[in-house]
Each structure stands twice: as structure tokens, then as C-alpha cells.
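A structural walkthrough
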Amino acid sequence: MSEPLLEVVGVSKQFPGVRALDDVSFTLRPGEVHALVGENGAGKSTLIKVITGVYRPDGGEVRFLGRPAAFAGPLDAQHAGISTIYQEVNLVPLMSVARNLFLGREPRNRLGLVDVGRMHREAAEILAGYGITSDVRRPLGLMALGAQQMVALARAVMVDARVVVMDEPTSSLEPREVETLFGVIRRLHEGGVGIVYVSHRLDELYRICDSVTVLRDGRLVHSGALAGLDRVALVSHMLGRPVAEVRREGFTSFAGSHDTATDRPPVLRAEGLSSRYRLAGVSFAVRPGEVVGLGGLLGAGRSETIKAVAGALPLDSGTVEIDGKPLRRPTPVHALRAGIAVQPEDRKAEGLALGLSVRENIALAVLPRLSAAGLVSEKKIDRIVETFMTRLRIKAAGPHQRVGDLSGGNQQKVLLARLLATGPKVLLLDEPTRGIDVGAKAEVQALIDELAAEGLGVVLVSSDAEELIEGSDRVVVLRDGAVVGELRGDQVTTEQLMNTIAVAAS
Amino acid sequence: MTLVADSATDRAETASQRTERIVELVQRQGALAVLAIVVVVGAVAFDSFRTYDNVGTVLISAAPPALIALGMTFVIVSGGIDLSVGSLYVLGGVLAAWASQYGVVAAFALPLAACGLFGLVQGLVIAYARLAPFIVTLAGLLGARGLMLALSGEGRETYLVQADPFKHFGTGELLGIGYPVYLVAGLFALGMLLLYRTRLGQSVYAIGGSEDAARLMGVRIRATQIRVYVLSGVLAGLAGAINAARLGSGVTVLGTGMELDAIAAVVIGGTLLTGGAGTLGGTIAGVLLLQVIQNLINQVGTVTSAWQTVISGSFIALVVVAQTYLTRLRRVASG
Amino acid sequence: MTTLVSAPSLPQRLRGWLPAYGVYVAIVVLVLFNIAFTDNFLQWQNLRIQLVQVTPVVIVALGMALVIGTEGIDLSVGSVMALGAALIPLYLGYGMVPAILLALLGGLVIGLVNGGLVAFVGLQPIVATLAMLVAGRGIALVLSSGRYKDIRNADFLAIGTDAFLGVPYTVWVAAVLAVVVGFVVRRTVFGRRLLAIGDNRPAAELAGVPVRRVLVTVYVVAAVLAAVAGVIQVSRIGSADASRIGLLIELSAITAVVVGGTPLTGGKIRVLGTVAGAFLMQLLTATMIANNLKDSTAQMVQAVIILVAVYAARERRTR
Amino acid sequence: EDEPGGSPTADTSAAAQTTKSADAGGSTCTLQQFGGQKVDLKTATVGFSQSEKEANPFRIAETQSIKDEAAKLGIPASNLKLTNADSKFDKQITDVSTLLDQGVQLLIVAPLNSDGWDSVFQKAAQKKVPIVTIDRKINAKHCTDYLTFIGSDFYEQGKRAADKMAKALNNAGTVAILLGAPGNNVTTLRTNGFKDQIAKVAPNIKIEFEQTGQFSREEGQKVAEQLLQSKPNINGIYAENDEMALGAITALKGASKKAGDVKIVTIDGTKGAVQGIVDGWIFSVIESNPRFGPLAFGAAQKFFNGEAIPENIIISDREYDASNAQSDLGLAY
Ligand SMILES: Nc1ncnc2c1ncn2[C@@H]1O[C@H](COP(=O)(O)OP(=O)(O)OP(=O)(O)O)[C@@H](O)[C@H]1O
Ligand SMILES: Nc1ncnc2c1ncn2[C@@H]1O[C@H](COP(=O)(O)OP(=O)(O)OP(=O)(O)O)[C@@H](O)[C@H]1O
Ligand SMILES: [Mg+2]
Ligand SMILES: [Mg+2]
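So, here is what we can say about the structure in this document. (Residues numbered from 1 in each chain as written. Chains lettered and ligands numbered in written order. Predicted model: local features only at pLDDT ≥ 70, side-chain atom pairs only at ≥ 80, totals over all residues. Heavy atoms only, no water.)

1. Some points on the overall build of chain C
Heads up, the condition is: Think of it this way: any DSSP run of H or I at least four residues long counts as a helix, any run of E at least two long counts as a strand, and we number them from the N terminus. The quantity called the radius of gyration is restricted to C-alpha atoms. Its globule counterpart is 2.2 Å times the number of residues to the power 0.38. Three exposure classes are used, based on accessible area relative to the maximum for each residue type with a 1.4 Å probe and protein chains only: buried under 20%, partly exposed in between, and exposed over 50%. Between two residues, a contact is recorded if the distance between any of their heavy atoms is within 4.5 Å. Where accessible areas are quoted, they stem from the Shrake-Rupley method and a 1.4 Å probe; at the residue level, only the protein chains shown are allowed to cover. Residues scored as positive are Lys and Arg, those scored as negative are Asp and Glu, and His as well as the terminal groups of each chain are ignored. Where a charge sits is defined by one atom per residue type, namely NZ (Lys), CZ (Arg), CG (Asp) or CD (Glu).
When its secondary structure is counted, chain C shows 13 helices and 4 strands. Taken against the 2.2 N^0.38 rule, which gives 20 Å for 319 residues, the C-alpha radius of gyration of chain C at 20 Å falls within 12% of a compact globule. If you line up chain C on its principal axes, its C-alpha atoms span 70 × 55 × 40 Å. Within chain C, the proportion of its 319 residues that are buried is 59%. Once local pairs closer than 6 in sequence are excluded, the contacts in chain C between residues at least 24 apart make up 77%. Taken as a whole, chain C presents about 12100 Å² of accessible surface, with 68% of it coming from carbon and sulfur. Charge centroids of chain C, computed over 23 positive and 12 negative side chains, lie 9 Å from each other.

Dropping the structure here:
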């Protein structure tokens, strides 16, 4: 076997109150695609940050190309040959796509000035290879998350790296983009580059990874080739539960079709939602106990539809009715009061108050109910917070921990807890399982079912086609901000979904 | 794999793109547009406003604030703020006047070096101690003024400019426009190159746009921050020096509130106070706009001092509200 | 909830402790210094002077802390003080209470404008209030037709001079306001919402927090508090000088808030820390005046102390 | 000299400035020497640049006096261009430049600072516009740069205040100074005059404390409060303007002192301060007369008529104490 590219030897990292990494070791060889898996909060992202010098380990050592490496930061690591795509898209939204792509290594002319023309040309060429054809001079922030992720990928691969680290690169990608990504990985793999690949989507791992390292609660629990390890065994490692138990419970938790009487009046009815440049008359209805999926490609207007219903997108025309009563004014406050709870796509930017505690975040939307005459009742808050922390199995040092210090999955659960605490009639979920581990994902999916069974209307948006199909009773397909089709009953299959999209496109 | 956008989307894209471009142009040049309107109105209303002399006066008066605003633009784009510039401006003037006894080179070198050093210290504290720029430079405001008072015998001593070439630089004119104006124009051109066309400039935008992302993308945050504050300090010192040359002495009773004027000019010019976006062209327009408004008030010649402040304040609010409205249009237009 | 929790080490505990209590340590140090080097320091009368002098800053800083908690800033407080002051002599003829109410109403109007510009127009707080900083004082000057007025109403002057239980009325006012603000921040829905907005405004909005209403209220409260400070100042000085009252107080107030451990990034407010921060800066000035320090030295010392205090009060993030 | 029961306006003729010395040993300047054009003031445009907001009695009286005199001479209001620098020196330089660009034929300036006028003089010299500086002197060349200075002798004011203080304390005691704004020429001169004279006439008076009160009542009060706390043995306070003295009085009241316990000497001559003498709180006020209108326009008129104008026109300032405060209260501004 060839010399290892990267070795992590007995690394530990302690955060206030949490031991994020405890004596973790792992090895990466040239041309190897190494999966790093574990539940939310297992320490994957922390390990990556230790490798690239974002964090300093409390103990242990990182060795690169046979020599001890203590990188001063990502730049240092990048110079040495370790390129990273971080879990949350980490680009500068206000800067243009091209400038983001080339930041720190802009092409320069003889005077040492940035050669803007060449930069734009090259950027357009490079991104075309990733299926992105939009204007590279536009601010990056105007692009969809998936497109941004592709830019980050292109950026990481552009340098001649020896090691490429990818922390959940597919969490905001479309199937089509995932294929592009895999093509890139294959190319790198053939070029002898070592790849560390973090993902919660197990089928992906089996498609592209050679070996796997499993972390649980900051400790190494398994490391070895992936080929010999079946899914159930892998999951049992991750969850720390016996194989038999995992096999019995399975890991897709949607119950299938729900009991929705078609004659019941809809709990949510959206009529002709229009907003310049974004939505062109979207209409649909959701009955109590029904899960309606919104399908479509990136940029089809799914998130916009959700926001419009939640009153967070100024509308030119259109109405939203709850239980037959139209919303008086389409603002988040009124929508919430009427019983609409929304889980936004980007939990960091729009979902959570990261600086506040788990407790404050869960209670935020229901403060009026937990208070009398404007004074909050700590007791009532404690009760509701405890209920939901237990029900959603939120893993935190306690209700007073900063949400920003939780792992991605647990952050998502806190967000869901806040929605449920409002006792909504309609749930709007935009990518509810993005970045969530198998265990939590199953829990969230089961939860969606359970809530629907309790009579809630659910609107579900997911880039994970499987999840969308399995989870929804009906799928409304969008394109360019308009409804182009609807799948019901037997039609709710992946093929039908793809067909509808493709037909509309042709 | 061919579920790519069709021609319908393309058409929609171009339509929205066109609107966006137009709106973006107006927005980016918003301050310039308002400036043009104000100048035209002024020229129609007052004979004495459209004289060549008056243009010269506006430009030369705008020179020191423009330099300060130039540095402030870098600072604000990088996501920071510099409240110390007013004090550094006075300090620079006093030092320049004092050093002019050793010749014109010293008269420029000393204030630039001293104020640059002051900026360096602020930059170091901001970068390494990770304190909020607002508070660090607020302390800088006090510290620099204290230093200036200490150097001038509690402000009692006014050093007179000794070097004639230095004085001549401050008061001399070419084609009726003072020399400092040419210097400032040249520095703005350099500033534009620095901001738009160098890696440092890119880093400034990046750390202002998202410090976390910039760090993970390998931008050297600290080095960039430090440079930005040094630049701001140096430019404030230079502004002080050319003003000393123009006034012929190191006046100690200057500069209070100057930082707020500079911030106002930069923001009027369309730069986001939260960092990450802004142009130097806008800053020039912002500086000139504030000067022209003062000038117009003087042209009227009968506005009481109380009303002058009311007008200035309302005007700032008005322009910024207009800016914000345009920005929002742009955001809507581009999705 | 089965996370490994280990007890924090001593330096870690110290680190957690310093931001919260650093400002009190600094006060103790300064008091000890004064006991050693300043004449007539340990006297009841001296404490009274310091309290009376710090009162306007404390009141303004309380409002400022609320604004900063929403990730905003209010530069217009000094001008609002001037406006409140300018209104007093205009309406004192109708009696003390109407005059004070009108002064507060003046503050309320400016607060509404500030809040409206921030919450509805979407201006950045520093710009919106910068415009008001300039225009507000202009309005105050116009109202007072440019010249200050001496106050002769004995009832009104009594506010600034008389005491209850040996403590001046004005100090009582500040104390009560501090308690109320502290209570609001800790115990009310409004306080929680305010902090959530400061931490993440879009998130708060989607969570159904009436963001605009809360923001407008915050700016109104800050402005009304500033007007209260203006009224107190007039009663103390015995004249309403719109060109001078509240000059640069926004900087003192911001300093007090930040030195007291409230971060400028919002989402967190330390009310007691703010009061202590104001008191620390007041004690510092007093020390330097009492020891007849030169103005230049005084300013440089102040700069250093601010930096040290804020450095101690900063929140550390692990790396 | 005074007219009993004079009109309520401040600008009674009795209150007007009188010249003390029309030429303190300096040169004179004629239209010929200066090289300018004869101008008829009635039809001329005149510029007046005020340095600070008209928010305190001194500045209000000063600007009003210029306006009144211009009206009296029949200068149309639209020909009198007023600017206000709002205490910003840069702005004053720009203001004056703008006035020159507007083609004013006479410029009256109340400078914020004595130095820093080079660029303005250069421009004025080119256009041959005579500059009359009032209340604060400008350090520059007479007859080339400016026509004349009309104002008080601040150093002298400080000396007179020292004499009063010496008298009040019987030549012995401890005194505190409430300084004006730092860096201001007025502050410097009033301080130096006071200290020099105290050293000369009453060496037993110790100056134990000097802190700036920024020429403002609020600051003056604050500083005085601290002062009375840390140095309760103070016998006298010299305030460099009336505002700070009035602040100090409030502080004294707060410290439960009685009128006359601490002797206050101050400079300016505002109504409030003179009333303070009547009430017993202030020992003496040295006047600094702001009514520059008549003298300024008078000098200009003479100049355009070809007469020689002296470099300095120093006005004689009144002083108020217990003997005349009641009767002369009407003269205060
Ligand atoms: N800066 C921090 N401060 C305190 N605790 C932290 C910090 N960063 C991470 N943690 C904690 O360390 C643990 C590991 O977090 P990490 O982000 O590495 O998990 P992960 O495996 O990447 O999870 P996910 O799949 O949800 O992204 C978690 O318990 C988290 O709460
Ligand atoms: N591949 C792409 N390249 C460039 N811009 C894109 C791309 N895909 C989408 N966009 C832009 O992003 C904007 C918003 O996308 P957004 O993610 O909100 O859509 P969406 O339908 O909600 O998708 P999702 O539900 O996956 O988030 C669209 O208006 C479109 O202009
Ligand atoms: Mg992670
Ligand atoms: Mg979306």
C-alpha cells in the first residue's frame, strides 16, 4: 500500500461542556475516497476543522505527507495541499461569482493587477463544466444554495490539492448536480487525490467511497473498508445499537399513505400567489392530515411558495386561506396566529437565533402564550422546553446551551421544536432533513407522519426525491414559479416526478 | 441530465437582468444623480454658484474630507468603522506644521508615519484582541486628541508652517484648482485600483461580506484588517497635512464630528455600513454632495444656524432613504 | 441528552467570570486608588456628587443598551436630550407636569422617526440616527429660537436639587428606571423578543415576532429615556441650553454599555453592567479632575481604560 | 453715561462699544496703501462670517449688532450675506471663501481661531476685499492680509480679573480656574493674563486647580462640583466666561455654600452674571462687549472715505461689581 497522505493520530478536542473529539485516529491514502460518518454531533465537522487548522487540538497530532502538520488556518492547509468544502456554504454572498471562485488566487496581469476580463472568462468556462451557466458577474448570494455549493466545489478542486475534504457537499444539491459532483470525485480519485467525504446519505457512500470511519459521541467506533460492511451494520455502528434492532426498525420511517378523507375541506388554500420575477400564480390546497410535497428543480420557486404562504414574501396578488378564512394581512405574525408554522430552508440565516439558548429558541414563537400581561412565566417555558427536548431527543448540554454550539442536526431539531410548540394547523417544511443524520432523519420523518396523523396539514419541500415521494400523499410540481402538474395516488413515484418536470421543460 | 433551463427561462432571465442592470446603475450612481440634480438647481438659482471660483472653492474644501472618506470606505467595506479619523486629522495637521521647519518632506512624512502608526495600533487591537472596531476607534478618538493636546501644550501652541514649498502646495493653484485637489484625485484613482483590482481589495470585500467565509476561504483576515486601519490612519494624517499646508498652521481646534461627516458621505455614496459592498465613485459623490449643500446654504446667505442643522440632517436622511429604496428595487428585480 | 460533560478548569472558569464581573473589579480598583490618593474621597457627599453627575448618562445608557441589544445603535440621544430640554421652558408656563410630559412627547416623536426609519424604511440604525443627531439638535435650537432660557420655576428646579431619604430625586429616577429596564429585559415577552431580533432578525421575523413593532418601541423607549435625561439635566443646571445639553453623550452612553459587557453585536444585554460601566467612567473622570490632571493626559488615560475594560469584558470563543 | 430707563433692547447707545485705544502702537492703513476700490456701503454686498452657533448671549448679541447696524446704514438685507461655521474651523475657512466668491466687497469675520487664515487672505488679497476681524485677533500682516482688528484685549481682561480677585480675597487665599475650551486663543490669553497678574500683585494667592469647563454651564457645574468636593478650602473661583460661573454657582448651592463664601470673578457681562452680582454670588464681572456692529461698519466707512485705519481698535470693556451691578444691569447683554 502507498504511503498515507494524511494521518490523524489520537486527536482530542474539548469545548466548554462537550468533548467533541476523544482520541480519534484515522488515515487517508492517495486515491482513496474515505467516508466519515456518524450521527449529528458525533464530531465529524470538528475533526475536519482540526485537520485544516481552524481548531487547535487539545491532544494528538495531525500528520500530512509523513510529517507533523499544525496548520495555522485554512489558508495554510490550502497552501500545503488540503482543500476543503465546509458543511455550511462558506462563500461571500455579496461578491460576484467569479470573484468568489478566484478569491486569493485571482489571475493577474503584468502590472500585478487583477485581470478582470480573464477572470470572468475563466470562471464562466470552469463553471460551465459544473452545469452553471449564469452570469459570473452577478453577486453569488443571488444564486440558489445548490449552485453556490457547486461554486464552492469548483473552488476547492481548482487548486492542485493532494487532499480534498468535503463536509456534506450534497446536502443542498439536486440529483443532477450530485451526478456532476460524483464525476468530479471520480476524476480526482483517478488523479491520486485523497478525499474525505462526509455525508448522511448512505446510498451515496456506497456509490463512491472505498473506506469508512465511524464516529460516535466524539469517539472512533469503526474504521475499515466499506465494501464488506452492509448498511445495517454501518447504521448500527453509528447509532450504537445492535444490528438486529436496527434491522427490525428499518430506516425509512414514512408510513406511506395517510388517511385523508378527500371530502374534508382544505385546512390551507393558496390561490394565485404572484410576486414579480418569482411566483406566477401558484395555487394549491392542503387537507387536514395530508402531506403535500412541492416538487421541482432548483429555482423552481418552492422556497418562495413556502415563504409566500408564511407571509414572508411580499405578494403582488393572491390569497392564503386557513380553514376557509383568508389571512387578513400576509405577514409572518398573522400567518403564525392563524396557525401556519414555517421551517425555513436556511436555518443559520433565517431559522435560529444562534447566540441564544436552546430554551429561548424553542419558546420564541409562543411567548405570548407562555406569559401573562407581558410577563413571561419561566415555569411554563421550562415545561414546554422539556417536553420538546425529550420528544425530539435534542442532544445538548442542557436547555441553556447556545444553539450555535449544537451540531447541525440538533439545531434542526430545535427549530422543529419551535414550530411544534406553536401548535400549528399547517406545517411548512423546507428541506426538513437537510444535514440530519440517519437516526434523526428517521425521527423527523416519523414525526411528520405522526403530525399528519394528528390532523395537521403539511407542505414538504425536499431535494431528496426519495424522501419527497415517500413522504408525500400528493406532489405539486413547480417550474418557473408556476404549477406545471400534480401527482396523486399511484402517480406519486420518482419516475412520474421526473417525467412531469421533463415534459414541462420541453 | 438535460433538465437545464429552456428558452422561456432565458427570456425571463434577460428581461429581469436588463431591469436589474438599469436599477443597479441608478443605485450605484444614486448619489451622483442627486448631486447632479442639486448642482443644476443651484446653478439655476444662484449666479454666484456657477462661477469657476466657486467650483474651485467646493473642490478644495472637499479635498481633506474626501481623503478621510477614502480611507473610511476601505474600513467600512471591510466591515469595520473608524471613529478616530477626526482626531488623527488634527494630530496630522499639528505634526505637519511642526515638522515643516525641517522641510517639506518632513512635513508630509511625520504626520503620515505617526497617524499610520496610530492606525496600526488600532488595527492590531482589532485584529488580535478581537474587540469591536467601533469601541477601539472610539478609544482612538480620545487617545489621538489627547496626544495632540499634549504635543501642543494643551492646544495653546499653534505651530506655523515654516517651509514655503509646503505652504505653496497648500495654497497654490493650477487652472484655478488647488494643488491638493489633484493629489486627492490621483489618490482616489490609486484607491480604485487598490480596491477593485488587487488581491488586497478583494480581501477587503471578502472579510466585509462574510468574515467567517473569508477565513475558511483562506483570506488573511488580520493582515487585511490591519492594513485597512493603517490606510485609514495614513489618509487622515495626510488630510491633516494638506489642510495644515492650506491654513499655514497646525490649528488645534479642528476635526470634531469629522468622523461622522465621513461616515455620512460614505453611506450616501451607497456603501453598505454592514460591509462587503461599496464603491469609491459613490464616496466622491457623497463627499461633494455634502459640500455642495453647505455651499448652497451659504449662497442663500440668510439661513440661521439652527435651520442649517435641520436642513443638513434632513438632507442626509432623505438621500439615504432614497438609496435604500433603490437598493430594495434592485433586490426585488433580481430575485 | 447524554453528552459528556466535564468540569471546566480554573482558568476557564476565570474566563467565564471576567466578562461578567470585570467592570466591578475595575470600579473596586479605582475606588482603592482614590482612597489612597484623592483628598476627601471617602465622604457621603462625594458619593452623592458622583451619583448625581452620572445620572443622565445612566438613563441614556439604559435606552442605548436596549437599542444595542437589537444590534442597533442610537446616535441621536444627545440631540433628543437637547430637544427635551428646549421644550421645558416653552411650556413651563402651563405648569411643571405638562412641561415634562411635552418634553417626553418630543422624545417620543423623535423615537418614532428613528424607529420608523430603521424598522419600516430599513435604514441602518447608525445612519438613521446620525441624521437625527444632526437634525434633532437643529430642531431643538429652532424651538428655543436659538437662545437658552433660564428656569425660575421652583417646583421644577427642586427635581434637580432636592432629595428623598438623603438621596437626590434624580438618582431615584435613574435607579427606578434601571430596575424597570432590567426587569423588562429579563422577565417580559418584549425583552425576549428584543434579544431574538438582535441575534437574528430574519429568524425572529419568521418565528412570528412582530419585529417592526418591537424595534419602533425600542427606539421610542431610548428616545424617551433620553428626553428624561434632558429634563433632569435642565432641572439640575437651571437653564435649558439646546446647543450644549447632551453634547457627545451618545459616546459616553455607548462606552458605558460596552464596558459593562453588552456586545455591540446584539442579542444580549447586561443592565447592571451598563449602570456599572457608566459609574466606572464617571469615577474615572472624577479621579482625573480631582487630581487636577491635564486634559491631554485625561483623554489618553480614558482611552486606555476603555480598551482594557472592553478587553476584559469581551466574550471569548474557543479556537 | 447711562440713560436711566433705557430701552429694553440690548443695543442701547450706552451699551455700545467705546474705543479704548485706536492704535496700540501699530501701523495704520489707508485705501491707497491697501490698493482697493472705493465702495459705497449702502449698495455694497457685505459678508459676515460667524464662528459659533448663535446660541449663547455673546454670539446672539454679536450677530444681532452686525445686522442692526447694516439695517441702520440702509444696506438691503439681501446684500448682507451671513454664514455660520458651527464651531468647525474648516467650515469657517470654506464659508469665507464662498463669501469672497460671491463677490462681497467688505468682509467682517468673527474668527474661530487666530491662525490658519493663509488661504483666505491670499484669495481676499487677489480680490482686494478688506477684512475686518472682530472679537478675536488674527495673526497676520496688517494692511496686506486684513484691514483692522476690533475687539477686547483678552490678556488685559485676565489681568483685570486678577486684580478683582486679589481685591476680593485681600491678596491671600486659594483659587481655582475654570478654563475655557482647550486650544482656544481666548482661553490661553485669559489664563495667562490672570496668572501673570496674580503673580505680580498677589503672590500669596495660590492657584490650586485648573480644569476646563468648555465655556459651558453644564461642564462648569460638573467640574465645580468635583472641585468643591476634593478641595473644600477654595476661596475663589475665576471663571473664564459667565456661563461656567453660573454653573459654579449652582454647584456652590448644591454644596450648601452661601452667597459670598467663595468669591467668583468672571468675564463676559451677560445679564445672568450681572444679576449674580446683585444676588451676591459673583464678586465681579469683567465685560467683553459683543456689540461690534457700529465700530466695524464705522471703520469700514472711514476706510472707504480714505481715512487711515489703525491696526487694532481695542474697545474699552466695562466692569461690574457690587457698586454698579444694580444700576448697570440694563447694559448687560
Ligand atoms: N464552537 C463550538 N463550541 C462548543 N461546542 C461545539 C463547537 N463546535 C461543535 N461543538 C460541539 O461538538 C460536538 C461535535 O460537533 P460537530 O459539528 O463536529 O458534529 P458533526 O458530527 O459535524 O454533526 P452534524 O452531522 O450535525 O454536522 C457537538 O456536540 C457540538 O455541539
Ligand atoms: N443553477 C443555477 N444557476 C444560477 N442561478 C440559479 C440556479 N438555480 C437557481 N438559480 C436562481 O436561484 C433563485 C432562487 O432559487 P431557490 O433555491 O429559492 O428556488 P427553489 O425553487 O426554492 O429551490 P429549492 O427549493 O431547492 O431551494 C432562482 O430565482 C434562480 O434565478
Ligand atoms: Mg457537521
Ligand atoms: Mg429553496
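Additional details are given in the paragraphs that follow.
2. Let's talk about the interface of chain A and chain C
Short version of the rule: Values labelled buried area give the accessible surface lost by two parts on being combined, using a 1.4 Å probe and summing over both. Put simply, a salt bridge is a Lys or Arg side-chain nitrogen that is within 4 Å of an Asp or Glu carboxyl oxygen. Any N or O atom pair separated by 3.5 Å or less is treated as a polar contact, with the protein-specific requirement of one donor-capable and one acceptor-capable atom, and with residues adjacent in sequence counted only for side-chain atom pairs. In this count, Pro and Cys sit with the nonpolar residues alongside Ala, Val, Leu, Ile, Met, Phe, Trp and Tyr, while Asp, Glu, Lys and Arg are called charged and the others, Gly among them, polar.
Tallying the contact residues gives 49 residues for chain A and 29 residues for chain C. Carbon and sulfur atoms supply 56% of the area buried between chain A and chain C, which totals about 3200 Å² over both sides. Three residues, Leu356(A), Leu364(A) and Val376(A), lead the burial of chain A against chain C; their summed loss comes to 14% of the area buried on that side. The interface formed by chain A and chain C includes 3 salt bridges. A salt bridge links Glu378(A) to Arg192(C); the nearest nitrogen and oxygen atoms lie 2.6 Å apart. Across the contact surface, chain A and chain C share 8 residue pairs in polar contact (both at pLDDT 80 or more). Of the residues forming the side of chain A that touches chain C, the biggest block, 4 residues, is contributed by helix α12 (residues 347–351) of chain A. Looking at the side of chain A that touches chain C, its residues break down into 28 nonpolar, 7 polar and 14 charged.

3. Things to note about the site of ligand 1
Residue and element names in this part refer to chain A. Stated precisely, the cut-off is as follows: Throughout this document, a residue counts as near a molecule or strand when at least one of its heavy atoms sits within 4 Å of that molecule or strand. Where a domain begins and ends is set by an automatic assignment or by a domain database.
Every one of the 20 residues lining ligand 1 counts as a neighbour, but Asn40, Lys44, Ser45, Thr46 and Asp405 are closest to it. At 2.3 Å from an oxygen atom of ligand 1 is found a main-chain nitrogen or oxygen belonging to aspartate 405. Protein chains shield 89% of the accessible area of ligand 1, which is 640 Å² for the free molecule. Every element with two or more residues in the shell around ligand 1 is listed here: β2 (18–28), α1 (44–51) and α15 (408–421). The greatest single-element share of the shell around ligand 1, amounting to 3 residues, is contributed by α1. Of the residues contributing to the shell around ligand 1, the split by class is 6 nonpolar, 10 polar and 4 charged. Here the shell around ligand 1 spans two domains, since at least three of its residues come from each of domain 1 (6–91 + 144–249) and domain 4 (345–423).

4. Some points on the site of ligand 2
By nearness alone, 16 residues border ligand 2, and Ala300(A), Gly301(A), Arg302(A), Ser303(A) and Glu345(A) come closest of all. Residues within reach of ligand 2 are spread across chains A and B. In the environment of ligand 2, an oxygen atom lies 2.4 Å from a nitrogen or oxygen atom belonging to the side chain of Arg302(A). Sort the elements by how many residues they give to the shell around ligand 2 and helix α10 (residues 302–309) of chain A lands first, with 3 residues.

5. Here we look at the arrangement of the chains
Where the 5 pairs of chains in contact are concerned, the greatest contact count is recorded for chains A and C. Chain D makes no contact with chain A, the minimum C-alpha separation between the two being 37 Å.

6. Let's talk about the coordination of the magnesium ion (ligand 4)
Residue and element names in this part refer to chain A. Convention followed: Note that water is not among the atoms considered, so a metal site may appear incomplete; the donors listed are N, O and S atoms within 2.8 Å of the metal, with 3.2 Å applied to Na, K and Ca. Only four donors with every angle between 85 and 135 degrees are called tetrahedral; only four or six donors with opposite donors over 155 degrees apart and all others between 65 and 115 are called square planar or octahedral, in that order; all others are irregular.
Those donors, Ser303 (OG), Glu345 (OE) and Glu345 (OE), are the protein atoms that reach the magnesium ion (ligand 4), and they lie 1.8 to 2.7 Å from it. Taken together, the 6 donor atoms coordinating the magnesium ion (ligand 4) and their angles of 49 to 167° define a geometry best described as irregular. Of this pair, serine 303 sits in helix α10 while glutamate 345 sits in the loop between β16 (340–343) and α12; the two residues are 42 residues apart in sequence, bridging distant segments of the chain. For serine 303, a relative accessible area of 18% corresponds to the buried category. The class for glutamate 345 is partly exposed, based on a relative accessible area of 26%.

7. Some thoughts on the pairing of strand β11 (residues 268–275) of chain A
The two faces of a sheet get side chains in turn, since along a regular strand they alternate between them. Residue and element names in this part refer to chain A. The condition is simple: Between any two strands, pairing holds if DSSP finds at least two bridges.
Pairing of β11 with strand β12 (residues 279–286) involves 6 bridges; the strand directions are antiparallel. Within β12, the position partnered with serine 274 by the bridge is alanine 280. Between the end of β11 and the start of β12, which pair antiparallel, lie 3 residues, with tyrosine 277 showing a positive phi angle near 70°. Pairing of β11 with strand β14 (residues 317–322) involves 5 bridges; the strand directions are antiparallel. For arginine 269, the partnering residue across the bridge sits in β14 and is glutamate 321.

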